[in-house]
Amino acid sequence: MECQLTITRTAHKKEKPALDKLGFGVHFTDHMFTMDYTEGKGWHDPQIVPYAPLSLDPAAMVFHYGQAIFEGLKAYRNKEGKVLLFRPDQNFKRMNRSLERMSMPQVDEEFMVAALKQLVALEKEWIPAESGMSLYIRPFVIATEPCFGVRASHTYKLIIVLSPVGAYYANGMEPVKIYVENKYVRAVRGGTGNAKVAGNYAGALKAQAEAKEKGYEQVLWLDGVENKYIEEVGSMNVFFKVGDEVWTPALNGSILEGITRDSTIQLLQDWGIPVVEKRISVEDLYEAHKNGQLEEAFGTGTAAVISPVGDLNWNGHQMIINGEKTGPLTTRLYETMTGIQYGEREDKFGWSVEVTE
């Protein structure tokens, strides 16, 4: 991209929230990145500006036909004061896959990583230095053309906002209770399940709410055709340790290609632990549990990194996993991944990217 990134600094810095009040995604930093797209002109006017509300026409196509995609990653500050990003190039590669699926224009991945690094460097004082805390990064693209024609928009806006977030496991990494969803469908092959499309998450809220009414934190999604093959857990990819192997659903067009998922697979393979990517029926999982082979289960994603599962309810069949305690492999993965993210462990894969002034 040839256009120059401009920076306008805020004249009124916000008061930073207390660390014990951070939560997740409720406080936002002083600046944001924006860039516009116009058909025939391409992406233009990239800038870092003071964080502020957007002004959009009520007829903007994002409100009516849902052209909206997003990404999620984090910046980490370690004990030496270094600021690190974890595989940001992969987030913008996936952003381009989502954009392509939604008939939206591609971005220059190398430029976006460079722009993100400038934004994070400007806001580095917002990155908590305490263990487990980080700066959540939310890039997103929306259709902005005011038009009711059912077609792709001719204009778009790309924005990146930043949010300091607290430790996901404030009281230690505790396994969650999961309800196997058998009424609602998250995605089908050929749909948008393998893209980070805003509407995917809206469509999942009803099932999540009903699961919570039953006393479960999240849902385990099954496939949308036969309603028997495991896909994702909540908004995370899912893994199961069965005997000496680790199983995870194969990418099939309706499962998101998680960056933490890919990192987990690479770590397991490096440790000599067989990873089997395949279609996993919930019946097969139940049989493994009955036979005492289902030893651990966990989700992977940006927010929690590794989230242990201790209880699965499938049609009234309760599967208690590892006595509802976090298993040794789950713990090892979490400690290794977060150790790399904070620059405290060897990064033999070259995943961490340092942000400098």
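As recorded by an unreviewed UniProt entry, the protein carries the name Branched-chain-amino-acid aminotransferase and is attributed to Brevibacillus agri. Its UniProt record gives the protein a comment under Sequence similarities (unreviewed entry), which states: "Belongs to the class-IV pyridoxal-phosphate-dependent aminotransferase family." Under the heading Cofactor (unreviewed entry), UniProt records this for the protein: "pyridoxal 5'-phosphate".

S.K.: A description of the overall build of the protein should follow, citing residues and the corresponding values.
M.R.: Helix and strand counts for the protein stand at eight helices and 18 strands. Relative to its length of 357 residues, the protein is compact, with a C-alpha radius of gyration of 21 Å against a globular reference of 21 Å. Principal-axis analysis of the C-alpha atoms gives the protein an extent of 60 × 55 × 35 Å. Out of the 357 residues belonging to the protein, those deemed buried represent 52%. Long-range pairs, those at least 24 residues apart, make up 72% of the contacts in the protein between residues at least 6 apart in sequence.

S.K.: Give a description of the domain arrangement of the protein that names residues and reports values.
M.R.: Domain assignment breaks the protein into domain 1 (4-163) and domain 2 (174-340). Relative placement of domain 1 and domain 2: their C-alpha centres are 28 Å apart. At the junction of the two partners, domain 1 supplies 18 residues and domain 2 supplies 19 residues. Interface area, domain 1 with domain 2, both sides summed: about 1600 Å², of which 60% is carbon and sulfur. Applying the counting criterion to the domain 1 and domain 2 interface returns two salt bridges. Note that Arg-87 is salt-bridged to Asp-262, the shortest N-O span being 2.9 Å. Applying the counting rule to domain 1 against domain 2 returns eleven residue pairs in polar contact (both at pLDDT 80 or more).

S.K.: Residue-level account of the pairing of strand β9 (residues 176-180), with values.
M.R.: For β9, a buried count of four out of five residues is recorded, marking the element as mostly surrounded by other parts of the structure. With four bridges connecting them, β9 and strand β16 (residues 305-314) associate as parallel partners. Among the inter-strand pairings, Val-176 is bridged to a residue of β16, identified as Val-309. Both β9 and strand β10 (residues 218-222) contribute to a ladder of three bridges, which runs parallel. Bridging across to β10, Val-180 finds its partner in Leu-220.

Criteria and thresholds
- Residues numbered from 1 in each chain as written.
- Predicted model: local features only at pLDDT ≥ 70, side-chain atom pairs only at ≥ 80, totals over all residues.
- Heavy atoms only, no water.
- UniProt positions renumbered as here; feature names shortened; annotations may be inferred.
- Helix = DSSP H or I, 4+ residues; strand = E, 2+ residues; numbered from the N terminus.
- Rg over C-alpha atoms; globule rule 2.2 N^0.38 Å.
- Buried < 20%, exposed > 50% of the residue type's maximum accessible area, 1.4 Å probe, protein only.
- Contact = heavy atoms within 4.5 Å.
- Domains from an automatic or database assignment.
- Buried area = accessible area lost by both parts, 1.4 Å probe.
- Salt bridge = Lys/Arg side-chain N within 4 Å of Asp/Glu carboxyl O.
- Polar contact = N/O pair within 3.5 Å; in protein donor to acceptor, adjacent residues only side chain to side chain.
- Pairing = 2+ DSSP bridges.

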